[in-house]
Every structure is written in C-alpha cells, then in structure tokens.
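Okay, here's what each chain looks like letter by letter:
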Amino acid sequence: GNSVTQMEGPVTLSEEAFLTINCTYTATGYPSLFWYVQYPGEGLQLLLKATKADDKGSNKGFEATYRKETTSFHLEKGSVQVSDSAVYFCALTSGAGNMLTFGGGTRLMVKP
Amino acid sequence: DGGITQSPKYLFRKEGQNVTLSCEQNLNHDAMYWYRQDPGQGLRLIYYSQIVNDFQKGDIAEGYSVSREKKESFPLTVTSAQKNPTAFYLCASSAPPGESTDTQYFGPGTRLTVL
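Description of the structure in this document. Treat the numbers as computed from the prediction; the structure is a model and nothing was measured. (Residues numbered from 1 in each chain as written. Chains lettered and ligands numbered in written order. Predicted model: local features only at pLDDT ≥ 70, side-chain atom pairs only at ≥ 80, totals over all residues. Heavy atoms only, no water.)

Time to look at the sheet that holds strand E9 (residues 75-77) of chain A. Residue and element names in this part refer to chain A. Taking strand neighbours across the sheet as the criterion, the four strands line up as E3-E9-E8-E7 in an open arrangement whose pairing is antiparallel. Bordering the open sheet on either side are strand E3 (19-21) and strand E7 (56-59), each of which pairs with just one other strand. Sheet twist, expressed as the mean angle between neighbouring strand axes with direction ignored, is 15 degrees. Here E7 runs beside strand E8 (residues 62-65); their pairing, made up of four bridges, is antiparallel. Across the sheet, the residue bridging to Gly57 is Ala64, located in E8. (Pairing = 2+ DSSP bridges. Helix = DSSP H or I, 4+ residues; strand = E, 2+ residues; numbered from the N terminus. Axes fitted to C-alpha atoms, helices over the stretch in contact; angles between N-to-C directions.)

Another point: the side chain of B:Ser94. Residues and elements named next belong to chain B. Tracing the backbone shows Ser94 in strand E9 (residues 87-94). On the accessibility criterion, Ser94 (1% relative accessible area) is buried. A distance of 2.9 Å separates polar atoms of two side chains, one belonging to Ser94 and the other to Tyr33. (Buried < 20%, exposed > 50% of the residue type's maximum accessible area, 1.4 Å probe, protein only. Polar contact = N/O pair within 3.5 Å; in protein donor to acceptor, adjacent residues only side chain to side chain.)

This part covers the pairing of strand E5 (residues 43-51) of chain B. Residue and element names in this part refer to chain B. Here strand E4 (residues 31-37) pairs with E5 via six bridges, running antiparallel. In the strand pairing of E5, Tyr35 is matched with Leu45. Linking two consecutive strands that pair antiparallel, namely E4 and E5, is a turn of five residues; a positive phi of about 70 degrees is found at Gly40 within it. Both E5 and strand E6 (residues 54-57) contribute to a ladder of three bridges, which runs antiparallel. Of the residues in E6, the one forming a bridge with Tyr48 is Gln56. The turn linking E5 back onto E6 is made up of two residues, and Asn53 within it adopts a positive phi angle of 65 degrees.

What follows concerns the sheet that holds strand E7 (residues 64-66) of chain B. Residues and elements named next belong to chain B. Ordered by their spatial adjacency, four strands build an open sheet running E1-E3-E8-E7, and the pairing between neighbours is antiparallel. Each of the sheet's edge strands pairs with one partner strand only, and the pair in question is strand E1 (4-7) and E7. Each strand of the sheet is rotated relative to its neighbour by a mean of 20 degrees, with strand direction disregarded. Relative to strand E3 (residues 19-25), E1 runs antiparallel, the two being bridged by four bridges. Paired with Gln6 across the strands is Cys23, a residue of E3.

Listed as interface residues are 20 residues of chain A and, on the opposing side, 22 residues of chain B. Carbon and sulfur atoms make up 53% of the surface buried where chain A meets chain B, a total of about 1500 Å² over both sides. Considering only the side of chain A, the residues that lose the most area to chain B are A:Leu44, A:Asn98 and A:Met99, jointly responsible for 30% of the buried surface there. Counting the contacts that link chain A with chain B gives five residue pairs in polar contact (both at pLDDT 80 or more). Within the residue set of the side of chain A that touches chain B, elements represented by two or more residues are strand E5 (32-38), strand E6 (44-50), strand E10 (86-93) and strand E11 (100-102) of chain A. A per-element tally of the side of chain A that touches chain B places E5(A) first, with four residues. Taken together, the residues that form the side of chain A that touches chain B break down as eight nonpolar, ten polar and two charged. (Contact = heavy atoms within 4.5 Å. Buried area = accessible area lost by both parts, 1.4 Å probe. Nonpolar A, V, L, I, M, F, W, Y, C, P; charged D, E, K, R; others polar.)

The next subject is the pattern of salt bridges. The final tally for this structure, using the stated rule, is six salt bridges over all chains. A:Lys52 serves as the salt-bridge partner of A:Asp55, at 3.3 Å between the closest nitrogen and oxygen. On the basis of relative accessible area, A:Asp55 is assigned to the partly exposed category, the value being 21%. Note that B:Arg36 is salt-bridged to B:Asp38, the shortest N-O span being 3.0 Å. For B:Asp38, a relative accessible area of 10% puts it in the buried group. Residues joined in a network through salt bridges with shared partners are B:Arg36, B:Asp38 and B:Arg44. (Salt bridge = Lys/Arg side-chain N within 4 Å of Asp/Glu carboxyl O.)

In structure tokens, the structure reads:
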C-alpha cells in the first residue's frame, strides 16, 4: 500500500535560517505529491504540489522537487520567518478515487 | 468567495449523545471527504463521497455515519458508538468537473470535545 514518511519534529530554527523537511514515500503507480500547511487551530492549506517526476512545486518561497529515483519530495525554504511556524504535512494520491495518504506531520517553530 | 465551510468551530457533547458536524462547499466539487486528526498526529480518513447519493467507508468509519443528498453538503454524524470521539474533524473536497481531480481543499475544521 501507499505510505508517506516525514522527519519527526519539532524542528526549531532561528529566523532567516534554511529549512529542509524530509519526506519519502512508497506508492504504486505514479502518485501526485503534495505539501500542506496547518496553522494552529486551523484546517490544512495546500502549499504546493507536483504531479510527475522532476516537477518542482513552489509557493511563498517554499519549494519541493518530485524525485522518483529516491522516492522523495523534500520541502525547502531559503529563509524562514516567524510566520512560517506551523505543522507541515507531506501527502500523496495514487490510484482510483484520489485518496490522500498523509505523513505524520512535522512541526516547525521559528524563533525571532 | 468560494470555499469550504464547517460549523460549528467548537462543539461539546455529553457521552451517549449523537452529534452532527456540518460541511458545505460552493466550489462545485464532486468529491467530499471527512478526516479525523488527533493531537500531534496526521489525518485519518473516515468517509468519502465521489458523487451525490453515494459514499464509502474510509479507514476508521466505525461509530460514524454520513449522507450526501446534495452536491454541496456532506454532514458527518458522530454516534454514541464512537468510543473516543474527542478530536479535530476536517472536511475536504476535490475534483471540479473537467479539471485535475487529485487536489483536495480543506475546510477550517471542527473541534469536538466529549464531556
């Protein structure tokens, strides 16, 4: 079956530091890959997505590249801000019904 | 503005009571989903519906029920059979007709607490 593994948090960084949150996956077929962000007490917001190998998704300074050879979709940002503090979820869809399979989430804390 | 609304934001229930959580979308999406999120954990699928008047169980359907009488609405009932209902519940929708079908968009969530 499908599965997504994310690095465990919390990840604590100082403002303007470089961010990497690792995500690897196992899936049948050709999955689409997603990063969602959840701010405290809120629902999930789509951050970025990639639908095929070597695609790069980007949004709000965040980037992730679909790497089929390493089955990875690591999230990066060059300079984090306090406002980026949230929980980040890696996810994939594959197969009939477009069911999302989520990783366990990684909490990011950015200190001034 | 188009979007997904969930109500109420906070809900309190006594043990043994059924409670219904509302989810409405005006995005013209065919598919709708219900997820449960427990503290510090990821999301687990409760039920989903790909089309009006049809729905399927997800990974943790026991103790829950749904209906899909209208395209815009997908209410979730948490029954007294659900042994541990305190959680954050998220509704999502996807698949505008004629467009990519693999992106789900989420509502703001309802936090249910059993007293």
